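# Coordinate analysis (summary)
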Amino acid sequence: MNRSSCLKIFFFALLIFTFLCPGQDLDARKAGGTRVILRAHYKEPDSLRRRGTIVVDGFLEGEYVELTIKGTIRDFQLVRLAWDEAKNLLVEQEITRAIDEITDRTVIIKTSLPEGIPSEKIKWRCPGGNTHEFVLQENGLEGKPSREFICK
């Protein structure tokens, strides 16, 4: 096999690997963005036992929030919330877990989804700079099985 043929095969293999690599989401890639899908679970999700899953212990326990990240997010934070009586609103009390960057992974947060005043939220930044946050509470998904955020 000559050098030219070897180079063609190498670049063809690289092209296939780049676009068909497991864990990559082609629709999000075509749209130029990252997808973050949130699901609430009342029992341990199967992804909790998968290799590569990031497990985060929340302030409470008994339920699970699963984030499926297809693409890259930055500055992920799990933030503890507290009710400020003087201001009559929820305020950020402390960051309990921070991760600089997550790419094509699943994150499981062991927490509780309270029906009353929430005690935690998650925040992250998209590669384009816009930020998202989600308060962890029972009605946060509004009865839907999941919620999706798209970063562009």
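Each remark here, short or long, concerns the structure printed above.
This section reports on the structure supplied with the text. Note that the coordinates shown come from a computational prediction; the quantities given were computed from them, not determined experimentally. (Residues numbered from 1 in each chain as written. Predicted model: local features only at pLDDT ≥ 70, side-chain atom pairs only at ≥ 80, totals over all residues. Heavy atoms only, no water.)

Next up on the list: the state of the cysteines. All told, the structure shown has one disulfide when counted by the stated rule. Bridging Cys-126 to Cys-151, the disulfide has an S-S length of 1.9 Å. Here the S-S torsion is close to -55 degrees, and the disulfide linking Cys-126 with Cys-151 is therefore left-handed. With Cys-126 in the loop between strand 7 (120–125) and strand 8 (131–136) and Cys-151 in strand 9 (residues 146–151), this pair connects stretches of sequence that are 25 residues apart. The pair formed by Cys-126 and Cys-151 is uniform in burial state, with each residue classed as buried. (Disulfide = S-S within 2.5 Å. Helix = DSSP H or I, 4+ residues; strand = E, 2+ residues; numbered from the N terminus. Buried < 20%, exposed > 50% of the residue type's maximum accessible area, 1.4 Å probe, protein only.)

Here we come to a nonpolar patch on the surface. On the surface, Trp-83, Leu-89 and Ile-117 cluster together to form a nonpolar patch covering roughly 290 Å² of accessible area. Considering the arrangement of structural elements, one finds Ile-117 in the loop between strand 6 (106–111) and strand 7. (Patch = residues over 30% accessible without salt bridge, like charges linked within 9 Å, V, L, I, M, F, W, Y side chains within 5 Å. Areas by Shrake-Rupley, 256 points an atom, 1.4 Å probe, with all protein chains shown as cover. Salt bridge = Lys/Arg side-chain N within 4 Å of Asp/Glu carboxyl O.)

This paragraph deals with the packing of aromatic side chains. Enumeration over the complete set of coordinates arrives at two aromatic pairs. Both rings, one in Trp-124 and one in Phe-149, keep their centres 5.1 Å apart while their planes meet at 90 degrees; by these two values the pair is edge-to-face. With Trp-124 in strand 7 and Phe-149 in strand 9, the pair connects residues that are 25 residues apart, well separated along the chain. Each member of the pair, Trp-124 as well as Phe-149, carries the same accessibility label: buried. With 6.3 Å between their ring centres and 80 degrees between their planes, Phe-134 and Phe-149 make a pair best called edge-to-face. Of the two residues, Phe-134 sits in strand 8 while Phe-149 sits in strand 9, which places them 15 residues apart along the sequence. There is no split in this pair, since Phe-134 and Phe-149 are both buried. (Phe/Tyr/Trp six-rings, centres within 6.5 Å; stacked < 30°, edge-to-face > 60°.)

Time to look at unusual backbone geometry. In terms of backbone geometry, most residues other than glycine have negative phi values and most peptide bonds are trans. One non-glycine residue, Asp-75, adopts positive backbone phi at about 55 degrees. Structurally, Asp-75 is set in strand 4 (residues 72–84). Residue Asn-88 is not a glycine yet carries a positive backbone phi of 60 degrees. With respect to the helices, strands and loops of the structure, Asn-88 is situated in the loop between strand 4 and strand 5 (89–103). Accessibility expressed as a relative area gives 55% for Asn-88, which makes it exposed.

Attention now moves to the sheet that holds strand 5. Sheet architecture is open: four strands sit in the order 5-4-7-8, paired in antiparallel fashion. Both edges of this open sheet fall to strand 5 and strand 8, since each of them pairs with a single strand only. For this sheet, the mean angle separating the axes of adjacent strands, direction not counted, is 20 degrees. Across six bridges, the pairing between strand 7 and strand 8 is antiparallel. Each residue of the ladder has a partner; that of Lys-121, found in strand 8, is Val-135. (Pairing = 2+ DSSP bridges. Axes fitted to C-alpha atoms, helices over the stretch in contact; angles between N-to-C directions.)

The analysis is restricted to geometry; functional conclusions fall outside its scope.
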